[in-house]
Amino acid sequence: MEKFTRLVTTAVPLPAENIDTDQITPARFLKVTDKLGFGNHLFKDWRFDEAGNPITTFALNDKKFTGSILVAGDNFGCGSSREHAAWALTDYGFKVIVSSYFADIFKGNALNNGLLPIQVSAVFLTVLLDSIHANPATNVIVDLEQQTISIENQNIFEAFEIDPYKKICMINGYDDIDFLIANKAKIEAFEKSRILEFASL
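What you see is a predicted model, and the numbers here were worked out from it, not measured in a lab.

Caption draft 1: Examining the nonpolar core more closely. In terms of nonpolar packing, the biggest core is built from 51 residues, with Phe43, Phe76, Leu89 and Leu116 touching the most fellow members. Of all the elements, helix H5 (residues 122–134) adds the most residues to this core, at 5 residues. Leave out the neighbours within four places in its chain, and leucine 89 touches Ile24, Leu42, Phe43, Leu70, Phe76, Phe94, Ile97, Phe106 and Leu115.

As structure tokens, then:
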């Protein structure tokens, strides 16, 4: 995974609430096992009509909205536990998802795939969405080390929570195996100390 410390980018607003994983990645694509190119399936039934033409009113097809942050409504990622939803979002190019609530399984899947879910208050979410709609060039600043999200050139920010282990992994670009390898020397030292302890009994 890529290292993540600080991100400054514009954002795409998608204020709909209760966006479930079947809407993020329709079930017919679950047989695909390769993450590469999975972003093509993101919000497939919302982005395109039955003839395969882009629906211009949908935020991801609106050229004035760009960036690697998706700002969604409340209760994002509910529904089934499919990891494919996180695959699609990351492959499409999103690095951060902002919402006032995330389904727990989706949150875990996102973090495991290098996608940062930031849960904010309903008030901050409304201000953020309003700012983006008023000026699509608005930059959003995410500082993972400080655990803050803010709106550039405005004195508006909010702190967010993240599991300490997942924070370490994202900052260093580790998946779970990378984390173990990075701590190999410490693990071996601990094992050696235990062997010596038992040998002295």
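Caption draft 2: Structural context of the layout of surface pockets. Considering only enclosed or pocket space, the largest pocket measures out at about 400 Å³ in volume. Lining the largest pocket are 20 residues, and of these Met1, Glu2, Thr90, Asn113 and Gly114 sit closest to its centre. Where the lining of the largest pocket is concerned, the elements lending two or more residues are strand S1 (6–9) and helix H3 (84–92). Here the lining of the largest pocket gets 3 residues from one element, more than from any other, and that element is H3. Looking at the lining of the largest pocket, its residues break down into 7 nonpolar, 6 polar and 7 charged.

What counts, and where the lines are drawn
Residues numbered from 1 in each chain as written. Predicted model: local features only at pLDDT ≥ 70, side-chain atom pairs only at ≥ 80, totals over all residues. Heavy atoms only, no water. Core = buried A, V, L, I, M, F, W, Y, C linked by side-chain atoms within 4.5 Å. Buried < 20%, exposed > 50% of the residue type's maximum accessible area, 1.4 Å probe, protein only. Helix = DSSP H or I, 4+ residues; strand = E, 2+ residues; numbered from the N terminus. Contact = heavy atoms within 4.5 Å. 1 Å grid on protein atoms, 1.4 Å probe; cavity = no way out; pocket = protein on both sides within 12 Å on 5 of 7 lines; lining within 4 Å. Points joined across faces, edges and corners; volume = space filled by probe spheres on them. Nonpolar A, V, L, I, M, F, W, Y, C, P; charged D, E, K, R; others polar.

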